[in-house]
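Overview (structure and organization)
Chain residues, written in single-letter form:
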Amino acid sequence: MPDGVALAIWILGIVADVCLIVTSLVRGSFLKYFFLNLYVILSLSADLMRQYVLRAWGLDSRQYHYVYYYTDCLLTIALFVAVISLASRVFAELKLDRVVRVVAVLLLLGTAGFSYAVVAQSTQRLSTSFTSELSQNLYFVGLVLTYLLWGAVLKLHETRTRLVQMVLSLGLYFSAYAGSYALVNLASKYEVVLYLGPLLGCFLPISWSLTMLRHSEDSRLTPARLVAVQR
Amino acid sequence: MMAAFILAFSLLTLLMFFVSYCRSLTAASMHESLTEEVLDVTGIREKAYGRDYARVVQLLRLCPDRNDDRSGLQVVGAYYSFLNFLDQTMSKLSPAVHTWAEEERASCAHFAAVALGRRIALNREMMAQQAEL
């Protein structure tokens, strides 16, 4: 990626992250959506840390390699927790939020165990291989959970506008990210596809900020309008 | 092969989430009825139809901008263009698509008309403040 474009996307990401944190503080929703904010704070810290290491040691250095994979793993875990926090809010009215949290912990441990089992079979048992494997698997679990969560939102006739739009933003993000990942594999010779992943990283904080700005916590919508084709 | 499958699946889910996201935006405005002022200015009678959208957007451009509805209007505008495209390409294959697209365009027009009402109110407030000065 050309340095200028990469730097522009990096700055956009930083601005988007700061926007969400400021918006949720101003709108008094920081603690209400704590895990979403935590993900964004970690993303901001990871971006700054990666940039520092990149400038100090270079792209091909071992230091950058370690920082990149460990922060990526940490961010995926934080995103998984953010998805679970939204799920527990959706299921809270059915008093199933505790069950959701227990299932989440089991899923996290199960994914970590599976990732370890995959890495243990390879000849190079590196901790970076484990973090990379865990990131990929947990990302996939998060994607499936988001789709299930959207199904639950429709089934339970969720009316809270903010919650609905935050789940939809996650769905858009995961779908677009999976698409960009496939595009990189299919058409890596086109440089433009390499920008998609980093650009999509800016989407979540921007979308969540707009949701917080546009709607109050009390804002409600008609659940029947969410189903694309009504029966 | 696997990458092509993932791409096709993700594009489908992306489309599904995009439609739902836009519907969640328009659904939030469905509670709000159109003011007499908006009905007068736009020529809408009782409820908005898809064909009203372009006229409402033209009127919106004449009003002072509001930061909080700009992004929503852009997303709904993209959704409206998508619905036009869908209607032009798919309605010959299935007439139900035309009916569905028309209902959706009507909700886009309602969303824009509600935004217009807010902008007119803001405009009045600004004029009142200027008059006080």
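So, how was this worked out
Residues numbered from 1 in each chain as written. Chains lettered and ligands numbered in written order. Predicted model: local features only at pLDDT ≥ 70, side-chain atom pairs only at ≥ 80, totals over all residues. Heavy atoms only, no water. Helix = DSSP H or I, 4+ residues; strand = E, 2+ residues; numbered from the N terminus. Rg over C-alpha atoms; globule rule 2.2 N^0.38 Å. Buried < 20%, exposed > 50% of the residue type's maximum accessible area, 1.4 Å probe, protein only. Contact = heavy atoms within 4.5 Å. Areas by Shrake-Rupley, 256 points an atom, 1.4 Å probe, with all protein chains shown as cover. Lys, Arg positive; Asp, Glu negative; His and termini not counted. Charge placed at Lys NZ, Arg CZ, Asp CG, Glu CD. 1 Å grid on protein atoms, 1.4 Å probe; cavity = no way out; pocket = protein on both sides within 12 Å on 5 of 7 lines; lining within 4 Å. Points joined across faces, edges and corners; volume = space filled by probe spheres on them. Nonpolar A, V, L, I, M, F, W, Y, C, P; charged D, E, K, R; others polar. Salt bridge = Lys/Arg side-chain N within 4 Å of Asp/Glu carboxyl O.

1. Things to note about the overall build of chain A
Per the secondary structure count, chain A includes seven helices and zero strands. Listed by position from the N terminus, the elements making up chain A come as α-α-α-α-α-α-α. Here the C-alpha radius of gyration of chain A, 19 Å, is about what a compact globule of 231 residues would show, namely 17 Å. Along the first, second and third principal axes, the C-alpha set of chain A runs to 50 × 40 × 35 Å. For chain A, with 231 residues in total, the buried portion stands at 46%. In chain A, the share of contacts with a sequence separation of at least 24, taken over all contacts with a separation of at least 6, comes to 73%. Total accessible area computed for chain A in this model is approximately 12100 Å², and 66% of it derives from carbon and sulfur atoms. One finds the centroid of the 18 positive side-chain charges in chain A at a distance of 8 Å from the centroid of its 12 negative side-chain charges.

2. Comments concerning the layout of surface pockets
Of the pockets and cavities examined, the largest pocket occupies roughly 2200 Å³. Around the largest pocket, the lining comprises 50 residues; the ones closest to its centre are Tyr68(A), Asp72(A), Tyr177(A), Gly197(A) and Pro198(A). Of all the secondary-structure elements, those providing two or more residues to the lining of the largest pocket are helix H1 (3-26), helix H2 (34-57), helix H3 (62-91), helix H5 (127-155), helix H6 (161-186) and helix H7 (192-214) of chain A together with helix H1 (2-29) of chain B. Take the lining of the largest pocket: its biggest share by element is eight residues, from H3(A). Per-class residue counts for the lining of the largest pocket are 32 nonpolar, 12 polar and six charged.

3. Examining the pattern of salt bridges
Inspection of the entire model under this criterion finds 10 salt bridges over all chains. In this structure, Arg118(B) and Glu32(B) form a salt bridge, with 2.8 Å as the shortest nitrogen-oxygen distance. Here Glu32(B) lies in the loop between H1 and helix H2 (36-42) and Arg118(B) lies in helix H5 (residues 95-132), a separation of 86 residues in the sequence. Glu37(B) is the salt-bridge partner of Arg124(B), the closest N and O atoms lying 2.2 Å from each other. One end of the pair, Arg124(B), is in helix H5; the other, Glu37(B), is in helix H2, with 87 residues separating them in the sequence. Owing to a relative accessible area of 53%, Arg124(B) belongs among the exposed residues under this scheme. Residues participating in the shared-partner salt-bridge network are Arg89(A), Arg162(A) and Glu217(A).

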